Amino acid sequence: MSRNGSNPTIAFDTWVLSPHVRHHGVHMYAVNLLKRFRELSEGYGVQVEPFVTRGDGNGANGLSAVAGFQPQPTRLLRRSRLWRFGGAWALASWKGPAVVFSPQCTTLYLKRPVAIVTTLHDAIPLIMPWKTHKLKTLQFLLRSAARASRAVITVSQHSKADLIDACGIPESRVNVVYNGFDHDVFNASSPDPDLLRDARSKHGIVRDYIFHHGVIKPSKNLRRLIQAYRMVLARNRNLDLDLVLAGPMGWEYGDVVTAAQPDGGRGRVILTGALSQDELVLLVKGAKLVVIPSLYEGFCIPMIEAMSCGAPTVAANASCLPEISGGVLRYFDPRSEEEMSACMEEVLENESVRSELSARGCARAQEFSWRRCAEQTLTVLAAVAHDGQG
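For clarity, every value in this text was computed on a predicted model and none was experimentally measured.

A. Fine view of the overall build of the protein. If you tally the helices and strands in the protein, you get 14 helices and 14 strands. Relative to the globule expectation of 21 Å for 390 residues, the C-alpha radius of gyration of the protein, 22 Å, shows essentially globular dimensions. Taken along its principal axes, the extent of the C-alpha atoms in the protein is 70 × 40 × 35 Å. Classification of the 390 residues of the protein by burial places 56% in the buried group. Long-range pairs, those at least 24 residues apart, make up 70% of the contacts in the protein with a sequence separation of at least 6. Carbon and sulfur atoms make up 49% of the accessible area of the protein, which totals about 16200 Å². On the protein, the mean spot of the 44 positive side-chain charges and the mean spot of the 37 negative ones are 9 Å from each other.

B. Highlighting the nonpolar core. Counting residues in hydrophobic clusters, the biggest one holds 115 residues, and the most contacted among them are Phe 37, Val 99, Phe 101, Val 117, Phe 211, Met 303 and Met 344. In terms of residue count, helix α14 (residues 370-389) provides more of this core than any other element does, nine residues in total. When residues no more than four places from it in sequence are discounted, the contact partners of Met 303 are Ile 292, Thr 313, Ala 315, Leu 321, Ile 324, Ser 325 and Leu 329. The next biggest cluster of nonpolar side chains, apart from the first, holds 13 residues, and it includes Ile 124, Leu 142, Val 174 and Tyr 296.

C. Looking closely at helix α5 (residues 157-167). Those residues of α5 lying buried are Ser 159, Lys 160, Asp 162 and Leu 163. The buried residues of α5 occupy an angular sector of 170° when the element is viewed end-on, so they sit on one face. Of the surrounding secondary structure, the elements contacted by the buried residues of α5 are α3 (124-127), α4 (135-148), β7 (151-154) and β8 (174-176). Immediately beyond the C-terminal end of α5, within one or two residues, lies Gly 168, with a positive phi of roughly 70°.

D. Quick look at the sheet that holds strand β9 (residues 208-213). If you trace the six strands from one edge of the open sheet to the other, you get β11-β10-β9-β12-β13-β14, paired in parallel fashion. Two strands bound the open sheet, and with one partner strand each, they are β11 (269-273) and β14 (330-332). Adjacent strand axes in the sheet meet at a mean angle of 25°, parallel and antiparallel pairs treated alike. Relative to strand β10 (residues 241-246), β9 runs parallel, the two being bridged by six bridges. Residue pairing across strands places His 213 opposite Ala 246, the latter belonging to β10. Sitting on the sheet, helix α10 (residues 301-308) is in contact with β9, β12 (289-292) and β13 (313-316), with an inclination near 160° to β13.

E. Geometry of the packing of aromatic side chains. Within this structure, the stated rule accounts for nine aromatic pairs. For the ring pair Tyr 178 and Phe 368, a centre distance of 5.6 Å and an interplane angle of 75° mean the geometry is edge-to-face. Here the residue Tyr 178 occupies a position in the loop between β8 and α6 (193-202), and Phe 368 occupies one in the loop between α13 (351-365) and α14, the gap between them amounting to 190 residues. Above the plane of the ring of Trp 15 lies Arg 84, whose end atom (NZ or CZ) is 4.5 Å from the centre.

F. Representation of the environment of Arg 81 in the model. Position of Arg 81 relative to the elements: it lies in helix α2 (residues 80-95). The class of Arg 81 is exposed, set by a relative accessible area of 66%. Each C-alpha atom of the pair Arg 81 and Thr 107 lies 9.2 Å from the other, and the pair is 26 residues apart in sequence.

G. The arrangement of the pairing of strand β2 (residues 7-12) in detail. Of all six residues making up β2, six are buried, and the element is well covered by its neighbours. Residue alternation in β2 divides its side chains into two sets, Asn 7, Thr 9 and Ala 11 and Pro 8, Ile 10 and Phe 12, and both sets are buried. Pairing of β2 with strand β3 (residues 47-52) involves four bridges; the strand directions are parallel. The residue of β3 that forms the bridge with Phe 12 is Pro 50.

H. Seen up close, helix α7 (residues 222-235). Compared with an ideal rise of 1.5 Å per residue, which puts 14 residues at 20 Å, α7 spans 20 Å between its outermost C-alpha atoms and is within 8% of the ideal. Every buried residue belonging to α7 is among Leu 222, Arg 224, Leu 225, Ile 226, Ala 228, Tyr 229, Arg 230, Val 232 and Leu 233, and all of these are buried. Residues of α7 that are buried in the fold lie against β9, β10, α8 (254-259), β11, β12 and α12 (337-348).

Parameters at a glance
Residues numbered from 1 in each chain as written. Predicted model: local features only at pLDDT ≥ 70, side-chain atom pairs only at ≥ 80, totals over all residues. Heavy atoms only, no water. Helix = DSSP H or I, 4+ residues; strand = E, 2+ residues; numbered from the N terminus. Rg over C-alpha atoms; globule rule 2.2 N^0.38 Å. Buried < 20%, exposed > 50% of the residue type's maximum accessible area, 1.4 Å probe, protein only. Contact = heavy atoms within 4.5 Å. Areas by Shrake-Rupley, 256 points an atom, 1.4 Å probe, with all protein chains shown as cover. Lys, Arg positive; Asp, Glu negative; His and termini not counted. Charge placed at Lys NZ, Arg CZ, Asp CG, Glu CD. Core = buried A, V, L, I, M, F, W, Y, C linked by side-chain atoms within 4.5 Å. Arc of directions from axis to C-beta. Pairing = 2+ DSSP bridges. Axes fitted to C-alpha atoms, helices over the stretch in contact; angles between N-to-C directions. Phe/Tyr/Trp six-rings, centres within 6.5 Å; stacked < 30°, edge-to-face > 60°. Lys NZ or Arg CZ within 6 Å of the ring centre and 35° of its normal. Expected span 1.5 Å × (residues − 1).

Just distances and angles here, no functional claims.
Below is the structure:
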């Protein structure tokens, strides 16, 4: 259906732009796509219509209308549970867009009367479930989105294979579109030394440090990272570093908090909580080493951000991490604390290796951008929208 001449409309579900999701990757994904859809949509022959609501801090609220981009106010978005479990689908059915785009499987949609396109970032709830009362809901929403979506977007070839296997999605319906990152912020320019010193002082970082950033949750594998870090310090008296874990508490983080407590050995584990973007980029750039020990990732924006900053980075050889990093890093088995610690120690002890990781990682990271992600996503959405008009 069109409300803009001959251009079909694409409704954008902005629930993941709510404040409570702000420090999660899906929020970053949605807000960056939406900004670029505003710039690009007219050129794709579609009109993008994000649902917005005033007064709740939704990240879409500040975007004004331009040709090809028309926000659609609705009070219903404030009622989160109603929105997610029937309200959004009913509203979309009434409004009659050609396509509804959901940037994460957080809202229940049915196949008709409008076409649905959903980004399924990973298959974590199905492949490595964790203990939480929300798991069954997440599994239900993921499977429902896989069934209802005319097209599925995912963010790596590895996630595509897992989604096809776990959800039975036909390969022809799954499109891989890599994420991007903010080149203006995460870049190889040197950090301001005074600002870096202030950021370190604020969080009590008094030594060189190993760094990780991201929501603290089971798939990040941070308990093993803490143990591997302590193994490095225990066997190598030449190394004296803190381990800084930056990011908000997600779920099932108790073992990480417990493991981070002082154990009588050298070094400290520092949990900073969620950081402002300015603080985050300073601490990434100031790190001696960035470690990505995840058991599973759909894409891993933090890894690309660290690589683009020129921070020497090592990563697990699991899920999509070698794919996204292009094989240019040093890798380890994330389930082996010994192998993880040996990889970290080798890089920390060798300045030339760190320089090589910095240069190669930075070059690889430049292959990703939010504009390219938005262009490829709009290509999928426009194809579904125009197909529905035919």
